[in-house]
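Observations on the model geometry
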Amino acid sequence: MEGLIASRASFYLLWMCGGCLRLTVLAVPPVIAMIQQDLHLSGTEIGLLSGIPVVIFAIFAAPGSIVVARMGVRGALMGGLAIAAAGALLRAGISNAWQLYLTSALMSAGIAIMQPAMAAAVREWIPQRSAFGTAVYTNGLILGEIIPVATMLSLVLPYFDGNWRPALGVWASFLIVTAVAVAMLAPKSAESVVATHTARWLPQWTSRLGWRIGLTLGSVTSTYFCLNGFLPAYLSANGRQELIGQALTALNAGQLPASFLLLLLADRLQGKRWPYLALGTLFCVCVIGIMSSAGTWTVFWAGLAGFSCGAALPLALALAPLLCDNSNDVAPTSATAFAIAYGFGMLVSLIAGAAWDLAGNAGAALIPIFLGCIPILIAAPRFARTGTVKAFVQP
């Protein structure tokens, strides 16, 4: 009975922590126009503000795995939540752009620490249901993307009389509550999880596994983030500004049904290669569909792209806890994968922007985004499990 209660608590904590990975990040886009007007930001400065989380996620992936090594899963999650909450709360008192940048970087650093800790938590808390556990926290992550976007302008901002600063700061309360829940309910890390040699917990850049997971995850993140970034410009360039809101809503909300579907099917799909290949193919089809349309069909393809990203993300995130033979290897392997994935996403975004500038056509940005879909088709692994041994096998 105690084991059942502990297992349920672990699932609840995974879901809450997953939501905290995105709540404070996605609270910014709905009020970005207000921020730009109040702080007199240029388009480049808005781009810098939007890019800070992705850059910090890549840079702090390695320190995140070391924090897991030194503090254990429970301590790393509590520390990451505390740092992210502090950054989010400090945004309520900023008076200039640089203070906003610094507080956003602090918040993002806390989230970056949490990301490898989440993979380690899945392996440590529910090792026999890694795919399902990852689907649970990914479901929380996706809801954490949707909730602030859906409620910021209609509910939160009016409560603070239209003042965006406290409206941003209030989201820290969810992180604080989650940190308290982790402190009270999370199982303490076993001694074997906390490594004595820090070098073991550094990202392993020569790890074939880390690169394959990173490129698989990179296809998902680059497709999602780049479509969010370039789809509005593409529609505007084609004179369909009225479809921007619909297309972005479809892209982001499309993840939700996929996430719930994965909660039902995660255990059945665990360890199979075909879902990665099918979803990678769907990425390519969706981007081609968007490239060949600039109307109602664009909204459809954007929604389908969101669905495929929402399905592929938990499967990609589950790879490290599934494939690592030793629980001590999960956090550094995840850190390697996150650094590669977010670095790949930044690279695709930069190339897409350069293609746009060189061609003088926003549609040209979609070509690098299409090419960014391909690595999942190459790197997607299938593995066999015999006892505690896991290895890649050919289909």
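Data block above holds the structure.
We now examine the overall build of the chain. Within the chain one finds 17 helices and two strands. Taken as a whole, the chain presents about 16300 Å² of accessible surface, with 68% of it coming from carbon and sulfur.

Secondary-structure assignment places alanine 364 in the loop between helix 15 (330-359) and helix 16 (366-371). A C-alpha to C-alpha distance of 8.9 Å links alanine 364 and methionine 291, two positions 73 residues apart in sequence. Not counting the four nearest positions on each side in its chain, alanine 364 is found in contact with Ala355, Trp356 and Ala359.

Below, the discussion takes up the environment of leucine 350. Residue position: leucine 350 is located in helix 15. A C-alpha to C-alpha distance of 9.7 Å links leucine 350 and cysteine 226, two positions 124 residues apart in sequence.

Here we come to the packing of helix 11 (residues 255-269) against helix 13 (residues 296-317). Two quantities define a packed helix pair, namely the angle between the helix axes and the distance between the axes. Axis separation between helix 11 and helix 13 bottoms out at 8 Å; the angle between their running directions is 35 degrees. Read as a crossing pair, helix 11 and helix 13 show a hand that is right-handed. When helix 11 is examined against helix 13, the residues Gln255, Pro257, Ala258, Ser259, Leu261, Leu262 and Leu269 are found in contact with a partner set consisting of Gly306, Phe307, Gly310, Ala311, Pro314 and Leu315. When grouped by side-chain class, the residues that make up the contact of helix 11 with helix 13 number nine nonpolar, four polar and no charged.

With that settled, the discussion passes to the pattern of salt bridges. Any two side chains of opposite charge can pair, given that their charged atoms come close. For the coordinates displayed, the defined rule picks out two salt bridges. Where arginine 22 meets glutamate 145, a salt bridge forms, and the shortest distance between an N and an O atom there is 3.7 Å. Separated by 123 residues along the polypeptide, arginine 22 in the loop between helix 1 (2-20) and helix 2 (32-39) and glutamate 145 in helix 6 (residues 130-159) bring together distant segments of the chain. Residues glutamate 242 and arginine 240 are paired through a salt bridge, measuring 2.6 Å at the closest nitrogen-oxygen approach. With relative accessibility at 47%, the residue glutamate 242 sits in the partly exposed group. Judged by its relative accessible area of 26%, arginine 240 is partly exposed.

So, about the side chain of threonine 134. As for its placement among the helices and strands, threonine 134 is situated in helix 6. In contact with threonine 134, other than residues within four places in its own chain, are Val122, Pro314, Leu317, Ala318 and Pro321.

Rules behind the numbers
- Residues numbered from 1 in each chain as written.
- Predicted model: local features only at pLDDT ≥ 70, side-chain atom pairs only at ≥ 80, totals over all residues.
- Heavy atoms only, no water.
- Helix = DSSP H or I, 4+ residues; strand = E, 2+ residues; numbered from the N terminus.
- Areas by Shrake-Rupley, 256 points an atom, 1.4 Å probe, with all protein chains shown as cover.
- Contact = heavy atoms within 4.5 Å.
- Axes fitted to C-alpha atoms, helices over the stretch in contact; angles between N-to-C directions.
- Left-handed = near helix turned anticlockwise from the far one by under 90°.
- Nonpolar A, V, L, I, M, F, W, Y, C, P; charged D, E, K, R; others polar.
- Salt bridge = Lys/Arg side-chain N within 4 Å of Asp/Glu carboxyl O.
- Buried < 20%, exposed > 50% of the residue type's maximum accessible area, 1.4 Å probe, protein only.

This is a description of form; function is not addressed.
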